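# Overview (structure and organization)
Chain by chain, the residues:
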Amino acid sequence: MTDDSESSPSFLSSLPSQPITDGIVKQIGESDNLKIRGTMGFPGSSPGTIEAFLLNMEAKTHVIVFDPGAEQWRVYKSFKTEGMSHQEMVNRASELANEWFAESLSDRIAAAEETEPDT
């Protein structure tokens, strides 16, 4: 369960350099790419934003996260899904997303403070 940058989905570079909406995550999941089996967004720190989502592919699920410091999307962790039920896969991805949310909290707060106008 490591960051598999070699197998990172190629579309990551086409995502905007900011958190996205659930609609965009849904579009990715419903794309014509035969390798993609589905997606699910995890609510971000601002209403209506997605800062992490799962990308279920043929034999692996990726937890994709927005890195506010680098202003880009990246694979946080990936795991093999062979032999897992759908619920087990969702639970594992949720655990990983929550882990990332906890680890990145200070970075996300700092990034939000940088974008707030001075009052």
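Scroll up to find the structure.
A brief structural summary. (Residues numbered from 1 in each chain as written. Predicted model: local features only at pLDDT ≥ 70, side-chain atom pairs only at ≥ 80, totals over all residues. Heavy atoms only, no water.)

## So, helix α1 (residues 22-29)
Three or more residues of α1 are buried, namely Val25, Ile28 and Gly29. One face of α1 carries all of its buried residues, which in axial projection span an arc of 100 degrees. In α1, the exposed residues that point more than 90 degrees away from the buried face are Lys26 and Gln27. The elements touched by buried residues of α1 are β1 (36-43) and β2 (50-57). (Buried < 20%, exposed > 50% of the residue type's maximum accessible area, 1.4 Å probe, protein only. Helix = DSSP H or I, 4+ residues; strand = E, 2+ residues; numbered from the N terminus. Arc of directions from axis to C-beta. Contact = heavy atoms within 4.5 Å.)

## Details of the side chain of Glu51
Mapped onto the elements of the fold, Glu51 is located in strand β2. In this structure Glu51 comes out as buried when scored by relative accessible area, which is 6%. Residues in contact with Glu51, not counting those within four places in the same chain, are Pro19, Phe42, Gly44, Ser45, Ser46, Ile64, Val65, Phe66, Trp73, Trp100, Phe101 and Arg108.

## Details of the nonpolar core
Judged by nonpolar contacts, the single largest core of 15 residues is most densely connected at Leu15, Phe53, Leu55 and Trp73. With 4 residues, β2 is the largest single contributor of residues to this core. If we skip the residues at most four places from it in the chain, Leu55 touches Pro9, Phe11, Ile28, Ile36, Gly38, Thr39, Lys60, Thr61, His62 and Ile64. Counting residues in each nonpolar core, the second largest holds 14 residues, with Ala52, Met89, Ala93 and Phe101 among its members. (Core = buried A, V, L, I, M, F, W, Y, C linked by side-chain atoms within 4.5 Å.)

## Some remarks on the sheet that holds strand β4 (residues 72-80)
The pairing of strands in a sheet comes from backbone hydrogen bonds and takes either a parallel or an antiparallel form. Spatially, the 4 strands line up as an open sheet ordered β1-β2-β3-β4, and their pairing is antiparallel. Where the open sheet ends on each side, the last strands, each with one partner, are β1 and β4. Averaged over all adjacent pairs, the angle separating strand axes in this sheet is 20 degrees, with direction ignored. Packed onto the sheet, α1 meets β1 and β2 and runs at close to 165 degrees relative to β1. On the sheet, helix α2 (residues 86-103) packs against β1, β2, β3 (60-67) and β4 and is oriented at approximately 140 degrees with respect to β4. (Pairing = 2+ DSSP bridges. Axes fitted to C-alpha atoms, helices over the stretch in contact; angles between N-to-C directions.)

## Comments concerning the packing of aromatic side chains
Tallied over the full model, the rule gives 3 aromatic pairs. Three or more aromatic residues joined by ring pairs make a cluster, and in this case those are Phe53, Phe66 and Trp73. (Phe/Tyr/Trp six-rings, centres within 6.5 Å; stacked < 30°, edge-to-face > 60°.)

## So, the pattern of salt bridges
Enumeration over the complete set of coordinates arrives at 3 salt bridges. With a closest N to O distance of 3.7 Å, Arg74 and Asp67 form a salt bridge. Note on Asp67: relative accessible area 24%, which makes it partly exposed. Its salt-bridge partner being Glu95, residue Arg92 comes within 3.1 Å of it at the nearest N-O pair. One end of the pair is Arg92 and the other is Glu95, both in helix α2 and 3 residues apart, which spans about a single turn. (Salt bridge = Lys/Arg side-chain N within 4 Å of Asp/Glu carboxyl O.)

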